[in-house]
Amino acid sequence: MIHIQDIVDLAAKRGASDIHLIAGLRIKCRIDGRIVDLAENVLTPEDCEYLAKEMAGTKYELIEEMGELDCGGTIANERVRINLFRQQGNISAVLRILSSNIPELHSLGLPAVVSKFPSLNKGIVLVTGETGSGKSTTLAAILDCINHTRNDHIITLEDPIEYVYKSDKSIINQREIGRDTESYTNGLRAILREDPDVILIGEMRDLDTIETALTAAETGHLVFATLHTNSAVDSIDRIVGVFPEARQQQIRLQLSTTLKAVLSQQLLVKSGGKGRVVAAEVMIVTPALQNLIREGKTPQMQSFMLSSADQGSMTMDNCLIKMFNEGKITADTAVNAAVDELYVRKRVMGQ
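Below: a short report on this structure. (Residues numbered from 1 in each chain as written. Predicted model: local features only at pLDDT ≥ 70, side-chain atom pairs only at ≥ 80, totals over all residues. Heavy atoms only, no water.)

1. Comments concerning the sheet that holds strand E4 (residues 68-75)
- Taken in spatial order, the six strands line up as E3-E2-E1-E6-E5-E4 in an open sheet, and their pairing is antiparallel. Every interior strand has two partners, whereas the edge strands, strand E3 (34-42) and E4, have only one. On average, adjacent strands in this sheet sit at an angle of 20 degrees to one another, irrespective of strand direction.
- For strand E1 (residues 18-21) and strand E6 (residues 90-98), the ladder comprises four bridges, and the chain directions are antiparallel. (Pairing = 2+ DSSP bridges. Helix = DSSP H or I, 4+ residues; strand = E, 2+ residues; numbered from the N terminus. Axes fitted to C-alpha atoms, helices over the stretch in contact; angles between N-to-C directions.)

See the structure below:
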């Protein structure tokens, strides 16, 4: 009988980010963004149930009641996040292997202006992108830089906690949704009474969370948060659109005064096919962009980002072209990841 420790150990050695256990299939894992076989043996329903019981322990019975179970722990010396669920009558599992090492900010290959984010004193910085785009890693590197350079109080709200920090110059409290606090909304309201300097919100999901985050930034805190949007401009519309129309002008005004930057990123396969590299769009909020946010003229922001490149802003398409010219990604990868395919294709393929 195969054990979960052996599976996690093998996946970690191969550099996998996720493991998939499904009855009737070989053990699968995700490496460099692609699903591949981890082992040859095909899992039976009994195998999956055995592995699920290994992972869930005494909580296994909860799957019968709810149909799924979130849990986590350390397996084969790797921190893992686990989701167990029933499908077609059988147990399946997805495990995310969480990195134990926080990378240094300069090592991530992000635009140079991002190195200034840890020195901000107040306002909101958004890091956006689809699931698995490296948002958590970027934010961890930024917070760890603050941790080693500033005497601050950092509080994080995460679902789940991915990177574990060791307090250095700063003191750090990490709160996990469902374990340390009931929800983002409740946790964020409590944070404002806990003397924070820097706040990390794992995800701005709803009106209450966004509203409290804006209030925190207005009252002199530095707030980092994530959104599942694919561009800097989309992030503005997403935040404003959460609110009733009668309140949207007020929210635009608050955003225009508190938003400092939006970093939108995606992970792409490197030239050569092994490993991944981050492509990033950065919108630094200038006085001109503040006016556009306040006036609701988001369609014009893209052109203003182009004109404020000297202040650090960069569109996703120009980042892709730069990465192609540096040999980091192929022309096909650049085109497939582009916002304006024709624009990028012309500059990387001459077509």
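2. Quick word on the packing of helix H8 (residues 245-258) against helix H9 (residues 287-295)
- H9 packs onto H8 with a crossing angle of 165 degrees between their chain directions and a minimal axis gap of 7 Å. One element, H8, and the other, H9, form an angle in the roughly antiparallel class. Pair H8 / H9 crosses with right-handed handedness. On H9, the residues touching Gln249, Arg252, Leu253, Leu255, Ser256 and Thr257 of H8 are Gln290, Ile293 and Arg294.
- Looking at side-chain class alone, the contact of H8 with H9 contains three nonpolar, four polar and two charged residues. (Parallel < 35°, antiparallel > 145°, perpendicular 65-115°, else oblique. Left-handed = near helix turned anticlockwise from the far one by under 90°. Contact = heavy atoms within 4.5 Å. Nonpolar A, V, L, I, M, F, W, Y, C, P; charged D, E, K, R; others polar.)

3. Some details on the environment of Asn173
- Mapped onto the elements of the fold, Asn173 is located in strand E9 (residues 171-176).
- Distance in space between the C-alpha atoms of Asn173 and Thr137 is 18 Å, their sequence separation being 36 residues.
- Excluding anything up to four places from it in sequence, Asn173 contacts His153, Ile154, Ile155 and Thr156.

4. Brief notes about the sheet that holds strand E13 (residues 276-284)
- As summarised here, the arrangement of the seven strands in space is E9-E8-E10-E11-E7-E12-E13, forming an open sheet in which the pairing is mixed. Of all the strands in the sheet, the pair left with one neighbour each is E9 and E13. Ignoring strand direction, the axes of neighbouring strands in this sheet form an average angle of 15 degrees.
- Along the sheet face, helix H6 (residues 207-218) touches strand E7 (123-128), strand E10 (198-201) and strand E11 (222-227) and points at about 135 degrees away from the line of E7.

5. A short note on H6
- Helix length check: H6, at twelve residues, gives a terminal C-alpha distance of 16 Å against a target of 16 Å (1.5 Å per residue), a fit within 8%.
- All buried positions along H6 are accounted for by Thr209, Ile210, Thr212, Ala213, Leu214, Ala216 and Ala217.
- One or two residues past the end of H6 sits Gly220, with phi positive at roughly 100 degrees. (Expected span 1.5 Å × (residues − 1). Buried < 20%, exposed > 50% of the residue type's maximum accessible area, 1.4 Å probe, protein only.)

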